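Residues per chain, in single letters:
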Amino acid sequence: MLQNYLTSIWRYISRNRAFTIINFLGLVIGMTAFILIAEFVLHEFSYDNFWQSSQSIYRLHLDRYDKGELSTQWASGCAGIGPDLKANFPEVKQFVRMSHTNTLLAYGDTYFREEHVYFTSQGFFEVFGYSLTEGVDSTALKGPNKIVLSQTLAHKYFGNENPVGKTLRNNGRYDLEVTGVFNDLPATSHMQVDAMISFATFAKLVGMNNESEVNQWQWDGFLTYILLNENASASDLQAKLPAFVEKREGEELKQYNAGMIFSLMPVSAIHLDSHFIGEFKANGNRDSVYFLLIVAGLILIIAWINYINLSTAKSIERAREVGVRKVMGSVRGQLIQQFLIEAVLLNSLAVLAAVGFVIALTPWFSNLAGREIGYALFTQGVFWAWMAVMIFGGALLSGLYPAFVLSGFKPVEVLKGRFKNTNQGVFFRKGMVVLQFMASVALIVGTFTVYNQIQFMRNQKLGVNIDQTLIMRSPNVVDSTYASKLNVFKNALLGYPEVSAVSASTFIPGASPDWNAGGIRRLSQREDEQKQYRVIMMDQDFIPSYGIEVVTGRAFSGEVANERKNVILNESAARHMGFEKPDLAIDDQIYFWGDTFRIVGVVKNYRQQSLKSEFEPLIFRYNKAPGGYYSIKFNTANVHQSIAKFETHWKELFPGNPFAYFFLDDHYNKQYQADQQFGKVFGLFSALAIFIACLGLFGLSSLTAIQRTKEIGVRKVLGASVPGILTLVSRDYLVLMGLAIVLATPISWWIMDSWLQGFANRISLVWWIFALPSLLVILIALLTVSLHTWRAARTNPATALRYE
């Protein structure tokens, strides 16, 4: 019986190659797109699942409040929260705290600046269950002046030698003994750590005798993770934290009218849900992942709808086959089996072809998505289980309805040629077409919205000039002559005609300043009126070189005595302090960091961060030689020659420090990289969805033209023109397109408006964002339908009337 079914299927495919290719191509493209997106989605959801006790590891996040209003949200928190939780709550088995440090490691003549080094307490390996490949977990980070390295970093400094027991020099100031080596953290870790220095080293550097003396609640910036005991409840512990904070710090918080709320976030949720100050790196976005998942589902559904539509539309040509089989004794169940086997076979071949395309396209797609996706998906049994579901589930979804329709034909009427499509069948196919193009309109609206939002953010005036700006990190290895050497370096560069300005600062545009200072208030205000601000140290050249507008007062000057006791605010900070007008801030005094400062100027708000965030209140302090970054404004006509000259002076003045640089516009635009990648991926798969829908419409219109050939011939004999026939046939599809647009518009508006809520500065969903995609869909549909209708309308009426 099976062989008979397969023979019949092969004969049908051989006689209907074009129809089969359209059906097969739609399924292959749909399944390829679905699997690629599934790869990406599973990759995003796989972050931090590799930790040994990932279900029991949580990170403490800190929300700070001023006068009951949320002021800042931190991935990190105060230094004392981890030790205090372990000491007071039996649910907490262990904790680890980490703090980033700028590091230049040297081994003999080999030295590199390392960006991903953290002071780390000794509980790291117990909390994460991540063992060293060299060294002892329990003692590697115990005591001062110890460091553990990743495999990559160990090879970078020591080659194939065993690094344990060897010494690295840090920032030219002190030695670190290498006590262990760990495997590089996987790409699916929210962390980015190349080396860990013992936390006791940090305590020693800040003048404390041991780690316990760092257990302060007034000291922020420490990433804290806790490991819960096996039967402990995270939600129960979370509920106890407010009372604990009140007991521990309540009086002091009330004194300053401030608030602290700690929350526990599962380590596996950090990558998609945590976008706070002090993250290891930019995280993913859960909403974006869900959007792509919806797109993947829509693409697959569109492909299956094509199969249903084309199979049922082809039913007239298969009616005689069904009639003959029923006359020869076939029952309805056997016919349903035949058509379902046909659907299973086509879906199976489509899945196999799709898997082949995915294997070939994964490297390209990884680059497009900005993720190291790899082929791990194909090694998981769950993937192949889902492939089986896709084959048989897809066969049922796409093959069941056509199977019942075809097997239900009455043999007498079919063999007498009186069979025609039922109204119910025509209505069903039209409904499927509407669903397809509803999805297409919604996807194009989404693509337009994402693209325009990204362009809106990139094209807005920043209030700061980031063009032709070379950024260097300030040297790590310095001595008491640093300030004078910096001055020599600046003057040497300014001696070149292409260089217009050189400035130094602790932070540069393109990221939120990590220095968050609390307890700041005007001298005329009460202590409970103090607030939090971001602080940037800068020299006198920073504001003019970046073209930041001074609204009132003045910028910093290197000629003013005791300038370090003066500060400048941005407009947001001035309002935050209660000044109704910027002019009123001039010569007022503020108190912070245990000292008083005079306000000498207010600058216009500029985009320190991307337009995804509101303007932050910034305070600028003067320092003639701040550490952090050097900003060089120069004409880039001969960029390589200019940089070579800069490097010469660098090596003369700052030996032992690597010369590294980047351009500020590239650095600044990295803030939009994730959104741009999302836009590209979203746009690509939206285009594929539309292509699949048009592929189905192409096949459907072909069958419609064939089935209406005699009608078209009669109309031509009676005097109908070719344009008239085109209008007649296209009108039906225009009605369907119109209905799809009407239904898709409110749905797409709601979805995209929800997405735009995540942006502090966003576009408005104006009418043309919906009109242009609608017009595009109509044009594509009309062109697709017209190809076959034009050919049928041009056919000689005599030939058309003889058509059976």
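Refer to the structure printed above.
Definitions and limits used
Residues numbered from 1 in each chain as written. Predicted model: local features only at pLDDT ≥ 70, side-chain atom pairs only at ≥ 80, totals over all residues. Heavy atoms only, no water. Helix = DSSP H or I, 4+ residues; strand = E, 2+ residues; numbered from the N terminus. Areas by Shrake-Rupley, 256 points an atom, 1.4 Å probe, with all protein chains shown as cover. Phe/Tyr/Trp six-rings, centres within 6.5 Å; stacked < 30°, edge-to-face > 60°. Lys NZ or Arg CZ within 6 Å of the ring centre and 35° of its normal. Axes fitted to C-alpha atoms, helices over the stretch in contact; angles between N-to-C directions. Parallel < 35°, antiparallel > 145°, perpendicular 65-115°, else oblique. Left-handed = near helix turned anticlockwise from the far one by under 90°. Contact = heavy atoms within 4.5 Å. Nonpolar A, V, L, I, M, F, W, Y, C, P; charged D, E, K, R; others polar. Buried < 20%, exposed > 50% of the residue type's maximum accessible area, 1.4 Å probe, protein only. Polar contact = N/O pair within 3.5 Å; in protein donor to acceptor, adjacent residues only side chain to side chain. Arc of directions from axis to C-beta. Pairing = 2+ DSSP bridges. Patch = residues over 30% accessible without salt bridge, like charges linked within 9 Å, V, L, I, M, F, W, Y side chains within 5 Å. Salt bridge = Lys/Arg side-chain N within 4 Å of Asp/Glu carboxyl O. Core = buried A, V, L, I, M, F, W, Y, C linked by side-chain atoms within 4.5 Å.

A look at the overall build of the protein
Next, step 1: In terms of regular secondary structure, the protein is built from 24 helices and 22 strands.
Next, step 2: Accessible surface computed for the protein: about 35900 Å², of which carbon and sulfur atoms make up 56%.

Side note on the packing of aromatic side chains
Next, step 1: Inspection of every chain in the model, using the stated rule, returns 41 aromatic pairs.
Next, step 2: Seen in terms of ring centroids, Tyr-630 and Trp-650 are 6.3 Å apart; in terms of plane orientation they differ by 65°. Their pairing is edge-to-face. Taken together, the residues Tyr-630 in strand S21 (residues 629–634) and Trp-650 in helix H18 (residues 639–653) connect sequence positions 20 residues apart.
Next, step 3: Members of the aromatic cluster, joined through ring pairs, are Tyr-482, Phe-489, Tyr-630, Phe-634, Phe-646, Trp-650, Phe-654, Phe-659, Tyr-661 and Phe-663.
Next, step 4: A cation over an aromatic ring shows up here: Arg-522 above the ring of Phe-579, its NZ or CZ 4.0 Å from the ring centre.
Next, step 5: Against the face of Phe-597 rests Lys-565, its NZ or CZ located 5.6 Å from the ring centre.

Describing the packing of helix H15 (residues 482–494) against H18
Next, step 1: Running from N to C, H15 and H18 cross one another at 160°; their axes reach a closest spacing of 10 Å. Our classification of the angle between H15 and H18 gives roughly antiparallel. Handedness of the H15/H18 crossing: right-handed. Packed against H15, whose contacting residues are Lys-485, Val-488, Phe-489, Ala-492 and Leu-493, the element H18 presents Phe-646, His-649, Trp-650 and Leu-653 at the interface.
Next, step 2: Here the residues of the contact of H15 with H18 are counted per class, giving 7 nonpolar, 1 polar and 1 charged.

A short note on the environment of Asp-588
Next, step 1: Checked against the element boundaries, Asp-588 lands in the loop between helix H17 (571–576) and strand S18 (589–592).
Next, step 2: Classification of Asp-588 by relative accessible area gives buried; the value is 18%.
Next, step 3: Once the C-alpha coordinates of Asp-588 and Leu-523 are considered, the two residues, 65 residues apart in sequence, prove to be 8.2 Å apart.
Next, step 4: Filtering out sequence-adjacent residues up to four positions away, Asp-588 remains in contact with Arg-522, Phe-579, Phe-597, Arg-598 and Ile-599.
Next, step 5: There is a polar contact of 3.2 Å between the side chain of Asp-588 and the side chain of Arg-522.

Section: helix H5 (residues 151–158)
The periodicity of an α-helix, 3.6 residues per turn, causes residues three or four positions apart to be oriented the same way.
Next, step 1: All of the buried residues in H5 are Leu-153, Ala-154, Tyr-157 and Phe-158. Viewed end-on, H5 has its buried residues packed into an arc of 105°, placing them on one side of the element.
Next, step 2: Close packing links the buried residues of H5 with strand S3 (92–107), strand S4 (110–120), strand S6 (146–150), strand S7 (167–170), strand S8 (174–182) and strand S9 (195–198).
Next, step 3: In the segment just after H5, Gly-159 is the residue with positive phi, at about 60°.

Let's talk about the pairing of S4
Next, step 1: Summarising the sheet, S3 and S4 pair through 9 bridges and their orientation is antiparallel. In the sheet register, Ser-99 faces S4, and the bridge partner there is Phe-119.
Next, step 2: Count of turn residues in the S3/S4 antiparallel hairpin: 2 residues, of which Gly-108 carries a positive phi of about 65°.
Next, step 3: Sheet topology places S4 next to S9; 4 bridges connect them, and they run parallel. Note that in S9 the partner of Tyr-118 across the bridge is Met-196.

Structural notes on the packing of helix H3 (residues 81–88) against helix H7 (residues 234–255)
Next, step 1: Where H3 contacts H7, the two axes come as close as 12 Å, and the packing angle between them is 110°. Between H3 and H7, the crossing angle belongs to the class labelled roughly perpendicular. Residues Asp-84, Leu-85 and Asn-88 of H3 form the contact with H7, whose participating residues are Leu-241, Phe-244 and Arg-248.
Next, step 2: Within the contact of H3 with H7, the residues separate by chemical class into 3 nonpolar, 1 polar and 2 charged.

Description of the environment of Gln-94
Next, step 1: Within the secondary structure, Gln-94 sits in strand S3.
Next, step 2: Along the primary structure Gln-94 and Ile-226 are separated by 132 residues, whereas in three dimensions their C-alpha atoms are 5.8 Å apart.
Next, step 3: If near-sequence neighbours (up to four positions away) are discounted, Gln-94 is found in contact with Lys-86, Gly-123, Glu-126, Val-127, Tyr-225, Ile-226 and Leu-227.
Next, step 4: Separated by 3.0 Å, the side chains of Gln-94 and Glu-126 make a polar contact.

Focus on a nonpolar patch on the surface
Next, step 1: Together, Val-766, Trp-767, Trp-768, Leu-772, Leu-775 and Leu-779 make up a nonpolar patch on the protein surface, roughly 590 Å² of accessible area in all.
Next, step 2: In this fold, Trp-767 is placed in helix H23 (residues 767–793).

Side note on unusual backbone geometry
Next, step 1: With a phi angle near 60°, Asn-145 is a residue other than glycine that sits in the positive phi range.
Next, step 2: In this structure, Asn-145 sits in the loop between strand S5 (132–135) and S6.
Next, step 3: Even without being glycine, Gln-468 reaches a positive phi, approximately 45°.
Next, step 4: In this fold, Gln-468 is placed in the loop between helix H14 (423–459) and strand S12 (469–473).
Next, step 5: According to the relative accessible area criterion, Gln-468 is partly exposed, its value standing at 39%.

So, the nonpolar core
Next, step 1: Of all hydrophobic cores here, the largest spans 103 residues; its most connected members are Met-31, Phe-437, Phe-620 and Phe-685.
Next, step 2: Looking at this core element by element, the count peaks at 12 residues for H14.
Next, step 3: One finds Val-96, Phe-124, Leu-185 and Val-267 within the second-largest nonpolar core, a separate group that totals 28 residues.

In short, geometric facts, not functional conclusions.
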